[in-house]
Amino acid sequence: MKKMMPAAFTVCLSLFALAPAHAQFAKPEEAVKYRKASFNLMAAHFGRLGAMASGKAPYDAKAAAENADLVATMAKLPWPAFTEGSDKGETRAKSEIWKDAAKFKDASDKMQVEIGKLNVAAKAGNVDALKVAFGPTAASCKACHDTFRKD
Ligand code: ASC
């Protein structure tokens, strides 16, 4: 099948894969919508883990593993959607994100590291492991919000 793929089509595919992130969004509003969607889904699944970690919901090992996987997947998505010009409109993103891009990247990397640990902990099959990992992960979310999000 691969051999039969016309060269031009292969070139097109490679260009698409290498396209800069901003090319994925036709308009700044679309980038804003996309990143909000990923953050909202992340928060929904993170919240379910939080409910288990705090004892507000019964611990369910399978649900913990599934929710942590979803959080880890969602955590990869928002970053390319902080495109140039998408600091305007219906967004709580502060201009510091663009002014201090290295610091923002650092904060988002830290959060993804914590989420990686949370994902491992959520698969340990006991609520204590989840509790240990949940706090530092929530703190890494908050650290970014405190600096880079309005309100
Ligand atoms: C959540 C959620 C966040 C983080 C943050 C942690 O459940 O929606 O944005 O935790 O509040 O401080």
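Below is a short write-up of the structure. (Residues numbered from 1 in each chain as written. Predicted model: local features only at pLDDT ≥ 70, side-chain atom pairs only at ≥ 80, totals over all residues. Heavy atoms only, no water.)

## What about the overall build of the protein?
- Across its full length, the protein carries six helices and zero strands.
- Moving toward the C terminus, one meets the helices and strands of the protein in the order α-α-α-α-α-α.
- Across the 151 residues that make up the protein, the buried fraction comes to 32%.
- Sequence-distant contacts, at least 24 apart, represent 74% of the contacts inside the protein between residues at least 6 apart. (Helix = DSSP H or I, 4+ residues; strand = E, 2+ residues; numbered from the N terminus. Buried < 20%, exposed > 50% of the residue type's maximum accessible area, 1.4 Å probe, protein only. Contact = heavy atoms within 4.5 Å.)

## Structural notes on the pattern of salt bridges
- Summed over the entire model, instances satisfying the criterion amount to eight salt bridges.
- Among the ionic pairs, Lys62 bridges to Glu66, the shortest N-O distance being 3.0 Å. On the criterion of helical spacing, the pair formed by Lys62 and Glu66 is a turn pair, its members being four residues apart in helix H3 (residues 61–74).
- Residue Lys62 is classed as exposed on the basis of its relative accessible area, which comes to 58%.
- Taking relative accessible area as the criterion, Glu66 reaches 40% and is therefore assigned partly exposed.
- Where Lys117 meets Glu114, a salt bridge forms, and the shortest distance between an N and an O atom there is 3.5 Å. (Salt bridge = Lys/Arg side-chain N within 4 Å of Asp/Glu carboxyl O.)

## Regarding the site of the ligand
- Near the ligand, the surroundings consist of Ala43, Phe46, Ala138, Cys141, Lys142 and His145.
- Within the backbone of Ala138, an N or O atom sits 3.3 Å from an oxygen atom of the ligand.
- Calculation on the ligand without its partners gives an accessible area of 310 Å², and the protein chains cover 60% of this total.
- Secondary structure elements with two or more residues in the shell around the ligand: helix H2 (28–54) and helix H6 (127–148).
- Counting residues per element, the shell around the ligand draws most heavily on H6, at four residues.
- A per-class count over the shell around the ligand returns four nonpolar, one polar and one charged. (Near = heavy atom within 4 Å. Polar contact = N/O pair within 3.5 Å; in protein donor to acceptor, adjacent residues only side chain to side chain. Areas by Shrake-Rupley, 256 points an atom, 1.4 Å probe, with all protein chains shown as cover. Nonpolar A, V, L, I, M, F, W, Y, C, P; charged D, E, K, R; others polar.)

## Describing the layout of surface pockets
- Taken as a whole, the largest pocket spans an internal volume of roughly 560 Å³.
- Lining the largest pocket are 26 residues; nearest its centre among them are Arg35, Phe39, Arg92, His145 and Arg149.
- Mapped onto the lining of the largest pocket, the elements with two or more residues apiece are H2, helix H5 (101–121) and H6.
- Among the elements that take part in the lining of the largest pocket, H2 stands out by supplying eight residues, more than any other.
- Taken together, the residues of the lining of the largest pocket break down into 16 nonpolar, six polar and four charged. (1 Å grid on protein atoms, 1.4 Å probe; cavity = no way out; pocket = protein on both sides within 12 Å on 5 of 7 lines; lining within 4 Å. Points joined across faces, edges and corners; volume = space filled by probe spheres on them.)

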